[in-house]
Amino acid sequence: MAIQSLDQHILRLLATLFCLLLAGCPKPGADDNASSTRGPLAGVTLRLLVVGDPAIAAGAGQLRGEWEAQTGCDFTLEQLGQQELADADALDADAVICPSHLLGVLAERELVAPLPKKHMRYDGGPWAETFELPKLREAAWAERVRAVSFGSPVMVCYYRPDLLEKLRRRPPRTWAEYQKLAKLLADRKALGEVAPGTDATAKAARWSGTIEPLGPGWAGIVLLARAAPYAKHRDQYSTLFDTTTMEPLVAGEPFVRALRELVAAVKLGPSKQLEYDPAAVRAAFWRGECGMALSWPTAAADVPAAEGIEVGFVELPGSKEVFNVGTSTWESRADDDDPRVVLRGIAGRLGVVSAKSAHPEAAWQLLFWLSGEQFSPDVCAASPAVTLFRRSHTQKPLAWVEKPVSMSAAAEYAAVVEAAMRHEQWLFALRIPGRSQYLSALDAAVRAAVRGEQSPAEALRQAADRWRAITQRLGTEKQKS
């Protein structure tokens, strides 16, 4: 009995010691993480500059208290216009959130720091969770990652599932299918009793097969999006310019073909299509004025929906044919050659750190924190210039779309974006100096062709002349580099 009592006493003693060990070695929790982060950042005040995006500025500003509570670091926030940043000789800030197309301009002036490799880990964290194209391509310049993605939209095709079901058609996979479907959708007789507005002459007059954003600043981008699968050959670098001579290629066959098809599609849309931006196109779709539309969803849009309007989303069409610049011939894409080429940089926001920042590590942490899984829906989703950009965002897609979009349609959109971010080929909508001038020349070409003032080939030859002059004015070798 004495031996048994001794054994029990020893067991109780061991159990007590084990509990004391557990109490003395608690698992790290949120408070511990905050304390470890607070240490090196405590007392630091950062200057954050938000360029051309009041919505993101408002979202970031509301989180100042939370950031300081977690890190012991504060930040001031100021806003600046795009042109002011483009003209700046220095970045008077630690961190900057700006339009993605300005990265090249800032990097060439050596105003921004490269992202330290220690932040580019694939073992979890905000870097690993970001989609590939935004973090590896859009955030990079001269083979160095120099930014943190805050989201970058891709144009998609809105469509009416009920109307496609009536026509026994599927969403378009190529631009040829898109054109045929747009014609069918424009034919009210083909739609029969499901034709919108059959009881109102005014509504009937507004009905369109498809609507595209061809207003100022957007016509040239739509042309590039249409031409991308025709012009982007996987074995060639030259797409918009000859990479050896900087000779513009926008008057070539891929772009002429794309503009010719665009002009045909415009005839199936409203007369004021040359005034529409993506927001106007989106609103027209929800008013029930078209069967398809080119735009992208955003939670920033407050759009009422006509009764009974439902939406489906699909990537912009691709092409089974691609133009070979070297041989000046059209080729059929190989079976393993993706027919879709996504246009990047149509909008989007990036976070960069000033090369002159006294606290670069704290600045990078702030950018990752604002764009991370927890707070990015609050900071980014309210901006019409971004869209979901993390894998976690696909689990809560309603945070990134306008209210009329159903949960199933929002999930479809999230899948479309995720697929677009995995494409092997992409085309940037220009992010070299003079971007607005180059795109303005394309806008003018689209307008001239749509109005019948010039043929697509003539309009693009004139655009190429303007591109050549812009390049020479800015410096051919500089632009080429």
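In the block above lies the structure referred to throughout.
Here's a quick rundown of the structure. All of these numbers come straight from a predicted model, not from anything done at the bench.

1. Structural notes on the pattern of salt bridges
Tallied over the full model, the rule gives 20 salt bridges. Of the charged contacts in the structure, one is a salt bridge between Glu132 and Lys135, with a shortest N-O distance of 3.6 Å. Taken together, the positions of Glu132 and Lys135, both in helix α8 (residues 132-138) and three residues apart, correspond to about one turn of that helix. For Lys135, a relative accessible area of 2% puts it in the buried group. When the shortest N-O distance is used, the salt bridge between Asp337 and Arg333 registers 3.0 Å.

2. Points about the packing of helix α14 (residues 253-266) against helix α19 (residues 435-450)
Axis separation between α14 and α19 bottoms out at 10 Å; the angle between their running directions is 55°. Taken together, α14 and α19 sit at an angle that is classed as oblique. Crossing geometry of α14 relative to α19 is assigned as right-handed. Note on element contacts: α19 touches α14 through Ala445, Val446, Ala449 and Val450, opposite Leu259, Leu262, Val263 and Val266. Residue composition of the contact of α14 with α19, grouped by class: eight nonpolar, no polar and no charged.

3. Some remarks on the sheet that holds strand β6 (residues 148-149)
Reading across from one edge, β2-β1-β3-β14-β6 is the order of the five strands in this open sheet, with mixed pairing throughout. Bordering the open sheet on either side are β2 (74-80) and β6, each of which pairs with just one other strand. Bridging between strand β1 (residues 45-51) and β2 involves seven bridges; their strand directions are parallel. Counted as the bridge partner of Leu46 is Phe75 from β2.

4. So, the packing of aromatic side chains
By the definition in use, this model includes 14 aromatic pairs. Relative to Tyr438, the ring of Phe241 has its centre 5.5 Å away and its plane inclined at 75°; by these criteria the two rings are edge-to-face. Of this pair, Phe241 sits in the loop between α13 (219-231) and α14 while Tyr438 is found in helix α19, placing the two residues 197 residues apart along the sequence. Tyr438 carries the same exposure label as Phe241, and that label is buried. Seen from the ring of Phe75, Arg64 lies directly overhead, with NZ or CZ sitting 5.9 Å from the centre.

5. Observations regarding the side chain of Arg344
Its place among the elements puts Arg344 in strand β13 (residues 342-344). Classification of Arg344 by relative accessible area gives buried; the value is 1%. Other than its neighbours up to four places away in sequence, Arg344 contacts Leu133, Pro134, Glu138, Ser152, Pro153, Val154, Met421, Trp426, Leu427, Phe428 and Ala429.

6. Remarks on unusual backbone geometry
Look at Ser328: it is not a glycine, yet its phi comes out positive at around 55°. Position of Ser328 among the secondary structure elements: in the loop between β11 (321-324) and β12 (329-332). The phi dihedral of Leu430 falls on the positive side, at around 65°, and the residue is not glycine. Locating Leu430 in the fold gives a position in the loop between β15 (426-428) and α19.

Thresholds, definitions, all that
- Residues numbered from 1 in each chain as written.
- Predicted model: local features only at pLDDT ≥ 70, side-chain atom pairs only at ≥ 80, totals over all residues.
- Heavy atoms only, no water.
- Salt bridge = Lys/Arg side-chain N within 4 Å of Asp/Glu carboxyl O.
- Helix = DSSP H or I, 4+ residues; strand = E, 2+ residues; numbered from the N terminus.
- Buried < 20%, exposed > 50% of the residue type's maximum accessible area, 1.4 Å probe, protein only.
- Axes fitted to C-alpha atoms, helices over the stretch in contact; angles between N-to-C directions.
- Parallel < 35°, antiparallel > 145°, perpendicular 65-115°, else oblique.
- Left-handed = near helix turned anticlockwise from the far one by under 90°.
- Contact = heavy atoms within 4.5 Å.
- Nonpolar A, V, L, I, M, F, W, Y, C, P; charged D, E, K, R; others polar.
- Pairing = 2+ DSSP bridges.
- Phe/Tyr/Trp six-rings, centres within 6.5 Å; stacked < 30°, edge-to-face > 60°.
- Lys NZ or Arg CZ within 6 Å of the ring centre and 35° of its normal.

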